[in-house]
Amino acid sequence: MKRILFAMIVLLLFSCVKKEEKREEFQPTITLKEIIKDERVKKIIWDFRLSNIAINREQKQNKEYEDFRNNLNEKNLIELTECEVPLLRCIAFKTLVENEYINIRKILNRHKNDNVLIKGYYYDVVRSEPVKNFMLNQLSPFSSSKFKFSKKEFIKMQDEFNK
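This one's a predicted model, so the numbers in the text were calculated from it and none came from an experiment.

What counts, and where the lines are drawn
Residues numbered from 1 in each chain as written. Predicted model: local features only at pLDDT ≥ 70, side-chain atom pairs only at ≥ 80, totals over all residues. Heavy atoms only, no water. Helix = DSSP H or I, 4+ residues; strand = E, 2+ residues; numbered from the N terminus. Buried < 20%, exposed > 50% of the residue type's maximum accessible area, 1.4 Å probe, protein only. Contact = heavy atoms within 4.5 Å. Areas by Shrake-Rupley, 256 points an atom, 1.4 Å probe, with all protein chains shown as cover. Core = buried A, V, L, I, M, F, W, Y, C linked by side-chain atoms within 4.5 Å.

A. The overall build of the chain, seen in detail. For the chain, the count of helices and strands is nine helices and three strands. Ordered by position in the sequence, the α and β elements of the chain form the string α-α-α-β-α-α-α-α-β-β-α-α. For the chain, the residues scored as buried account for 39% of the 163 residues in total. Sequence-distant contacts, at least 24 apart, represent 61% of the contacts inside the chain between residues at least 6 apart. Accessible surface, the chain: about 11,000 Å² in total, of which carbon and sulfur atoms supply 56%.

Okay, here's the thing in structure tokens:
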């Protein structure tokens, strides 16, 4: 009888312990192979990837980036935010921000657990950061986006993204 009572108490204690929420990592939903079936899109993306191994933060963007930015449509860019290549996800997101895509915050929220690291150049310094941080920073209070966060919203989003 004592054993049964003891077992019930132990089970009760374990069931009352708050279980930590399991965070589900970002999973790409489309492969780059599917996106580049269109030869025009394939050429733009491959030209970009050959000359861009990281994100350039402070210097003028190169010709391949300009081609990427100017020649891919909104649908292509949205698909790229879902592909398995982290650098392309970031550049597509950045381009959508620059193009003032109305549902940009929805895409950002989709990536709140996108922890894959990307490299970024800041003049001569190379640093790594998660995709989610790069995307969030595109909408910082200091960005020129019309969909940027207020300081208060941004701090709240940073806290949420870094849980």
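B. Seen up close, the nonpolar core. Residues Ile45, Phe68, Leu80, Leu88 and Leu108 are the most contacted members of the largest nonpolar core, which totals 38 residues. Elements represented by at least two residues in this core include exactly helix H2 (32-35), helix H3 (39-51), helix H4 (63-71), helix H5 (74-80), helix H6 (86-98), helix H7 (104-110), helix H8 (131-137) and helix H9 (151-161). The dominant element in this core, judged by the number of residues it contributes, is H6, at eight residues. Not counting the four nearest positions on each side in its chain, Leu80 is found in contact with Leu32, Ile35, Ile45, Phe68, Leu72, Leu88, Arg89 and Ala92.

C. The environment of Ile155, seen in detail. With respect to the element layout, Ile155 can be found in helix H9. For Ile155, a relative accessible area of 48% gives the class partly exposed. With 14 residues separating them in the primary sequence, Ile155 and Pro141 have C-alpha atoms 9.8 Å apart.

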